[in-house]
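Architecture and fold: a report
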Amino acid sequence: MNKLVFKRFFIKDTVGNYYRIFNVANPTDSRGEFYLKIVFPDIRGIPVITGVHDKDGIVSQFNLEKGVHEFSYHYRSGVSHLKDESGKVDSKRNLPTLHDFPSLHLVRFVIRTLDIFELQINPTITPEDFILPITFDGKARGFEFAISRVSGEWKVTNSQGIDPVYTYKIPLNDPNVYFHISDSVWNRDPIAQGKPLFEIFRYDNPTDNFEFTPKENA
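The text that follows walks through the structure, step by step, so that each part is easy to find. (Residues numbered from 1 in each chain as written. Predicted model: local features only at pLDDT ≥ 70, side-chain atom pairs only at ≥ 80, totals over all residues. Heavy atoms only, no water.)

1. A look at the pairing of strand E12 (residues 140-148)
Among the 9 residues that make up E12, 9 are buried, leaving the element largely enclosed by the rest of the structure. A two-sided burial pattern is seen for E12, the buried positions comprising Ala 140, Gly 142, Glu 144, Ala 146 and Ser 148 on one face and Arg 141, Phe 143, Phe 145 and Ile 147 on the other. Of the strand pairs in this sheet, E12 and strand E14 (residues 178-186) are connected by 9 bridges, and their pairing is antiparallel. By the bridge assignment, Phe 145 is partnered in E14 with Ile 181. (Buried < 20%, exposed > 50% of the residue type's maximum accessible area, 1.4 Å probe, protein only. Helix = DSSP H or I, 4+ residues; strand = E, 2+ residues; numbered from the N terminus. Pairing = 2+ DSSP bridges.)

Next comes the structure, spelled out in structure tokens:
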């Protein structure tokens, strides 16, 4: 297994402070196959709502008192893992692969606060890092994560068709494979008492609800 090299993803607040909200790596496993690893280092030990989400909404959810440390998807063999600090929380097998589908919709990540994320004092930003262009102003943010072997853009729209959604495509180590992020500001999601500060949902069917441009690299 090769050494993990992470791309760090930062968000800025309205006064210009930087916070790292997740990291992404594209290493190879013991069989030499590339897979995707998304790590949430600052949510360890912080309760989070997680569960299964499909194109029609939440299928099931449960509270993880120790938080979610990482999500991984072996997109060549169709296996995913959701882990906390203690190890595997949930494993799924016989999932869709990039061999059979051009793209896979993997995870929804919702944040409603920056309070627990590590404040980066005079951060050293490298070419491997990614700074989300939209600042965090206290409104909830919904991030959707996908992976594809399609060279075009991921077209994402808000379910009400009102708030804009911004998408970003990042090449991975695996040739002609891309990591995609959609970033939306949830203007109609006021933070109410008791609402979870973090939500992470795995998509039950990662092949649903997609629209990529048709040019494929594989």
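2. Thoughts on the nonpolar core
Among the nonpolar cores identified, the biggest contains 38 residues, and Phe 22, Phe 109, Phe 145 and Phe 179 are the most heavily contacted of them. For this core, the element with the highest residue contribution is strand E9 (residues 103-111), accounting for 5 residues. (Core = buried A, V, L, I, M, F, W, Y, C linked by side-chain atoms within 4.5 Å.)

3. Details of unusual backbone geometry
Here the phi dihedral of Asn 94 falls at roughly 60°; this positive angle occurs in a residue that is not glycine. Structurally, Asn 94 can be placed in the loop between strand E8 (87-92) and E9. Unlike most non-glycine residues, Asn 176 shows phi in positive territory, near 65°. In this fold, Asn 176 is placed in the loop between strand E13 (165-171) and E14. Residue classification places Asn 176 among the partly exposed positions, given a relative accessible area of 42%.

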